[in-house]
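# Fold and geometry: a report
The lines below spell out each chain.
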Amino acid sequence: MKSFSVSIRISARPEEIWAILTDAADYPSWNPTVEKVEGRIAPGQRVTVHAKISPGRAFPLSVTEFVPAKRMVWTGGLPFGLFTGERTFELTPSEGGVEFSMREAFRGLLSPLITRSIPDLQPSFEAFAAALKRRAEGLASSKGR
């Protein structure tokens, strides 16, 4: 199974970070890894991510788990579980902030073939986490915290 992950400490409240993560239309203003995110990030909804690492491609995903200010999972892939990608976002309160973690895992019968064509997403994951930290901490400091 191929996977990528990142974790970073953010000095902001979970609700502030969650508001950023669930505002699809605003992703391009802070996130250097996406061109746009279409749809509504909410339980059972579908979103389409246009990632800069794969210009011209759209990735349709379903929001399969949604626990406000704690955990969210986006899932996409091929029918019958032949190939599935699952991205998990988690917020864990810690002293003076939140530990944000994001993980994407690929599995399924066709996974060994398909994952060969997936580029190294680690730099994008690190850029995403750093940008989320800048955005959340910037908003928190503008509120005088």
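A quick note: this is a predicted structure, and the numbers were derived from the prediction, not measured. Each residue is numbered by its place in its chain's sequence as written, counting from 1. For this predicted model, a pLDDT threshold of at least 70 governs which residues receive local features, and a threshold of 80 or more governs which side-chain atom pairs are given and counted, while totals over whole chains, interfaces and linings are taken from all residues. Note that the side-chain values use all heavy atoms of the structure and ignore hydrogens as well as water.

### So, the pattern of salt bridges
The cut-off we apply is this: By definition here, a salt bridge exists when the distance from a side-chain nitrogen of Lys or Arg to a carboxyl oxygen of Asp or Glu is within 4 Å. For every residue, the accessible area (1.4 Å probe, protein chains only) is compared with the maximum for its type, and the residue is labelled buried under 20%, exposed over 50%, or partly exposed between those bounds.
One pass over the full model with this rule turns up nine salt bridges. Arg-13 is the salt-bridge partner of Glu-15, the closest N and O atoms lying 3.6 Å from each other. Residue class for Glu-15 comes out partly exposed when judged on its relative accessible area of 44%. The class of Arg-13 is partly exposed, set by a relative accessible area of 41%.

### Describing the sheet that holds strand S7 (residues 97–107)
Spelled out, the test is: Between any two strands, at least two bridges found by DSSP are needed for them to pair. Helix and strand definitions follow DSSP, with helices as H or I runs of at least four residues and strands as E runs of at least two, each counted in order from the N terminus. Between N-to-C directions, angles cover 0 to 180 degrees, with each direction set by a line fitted to C-alpha atoms, over the stretch in contact for helices. By definition in these notes, contact holds between two residues if any of their heavy atoms fall within 4.5 Å.
Pairing is antiparallel in the open sheet, where seven strands are placed in the order S1-S7-S6-S5-S4-S3-S2. Of all the strands in the sheet, just strand S1 (2–10) and strand S2 (34–39) have a single pairing partner and so form its edges. Adjacent strand axes in the sheet meet at a mean angle of 20° when their direction is disregarded. In terms of strand pairing, strand S6 (residues 84–94) meets S7 through eleven bridges, oriented antiparallel. Among the inter-strand pairings, Ser-94 is bridged to a residue of S7, identified as Gly-97. Across the sheet, helix H4 (residues 122–142) lies against S1, S6 and S7, angled at about 20° from S1, the strand it touches most.

### Focus: helix H1 (residues 14–21)
Because the α-helix completes a turn every 3.6 residues, residues three or four places apart line up on one side. Most of H1 sits inside the fold, with six of its eight residues counted as buried. Taken residue by residue, H1 has Pro-14, Glu-16, Ile-17, Trp-18, Ile-20 and Leu-21 as its buried positions.

### Some thoughts on the packing of aromatic side chains
Under the convention used in this document: The rule is short: rings of Phe, Tyr and Trp, with Trp giving its six-membered ring, pair when the centres are within 6.5 Å, and they are stacked under 30 degrees, edge-to-face over 60, tilted in between.
This model, assessed by the stated rule, comprises eleven aromatic pairs. The interplanar angle of 50° and the centroid separation of 6.3 Å between the aromatic rings of Tyr-27 and Phe-128 together place this pair among those described as tilted. Taken together, the residues Tyr-27 in helix H2 (residues 27–30) and Phe-128 in helix H4 connect sequence positions 101 residues apart. Residue Phe-128 is classed as buried on the basis of its relative accessible area of 3%. A centroid spacing of 5.4 Å and a plane angle of 70° characterise the contact between Trp-30 and Phe-128, whose relative ring orientation is edge-to-face. In this pair, Trp-30 sits in helix H2 while Phe-128 sits in helix H4, placing the two residues 98 residues apart along the sequence. Through a chain of ring-to-ring contacts, three or more aromatic side chains come together here, namely Tyr-27, Trp-30, Trp-74, Phe-89, Phe-100 and Phe-128.

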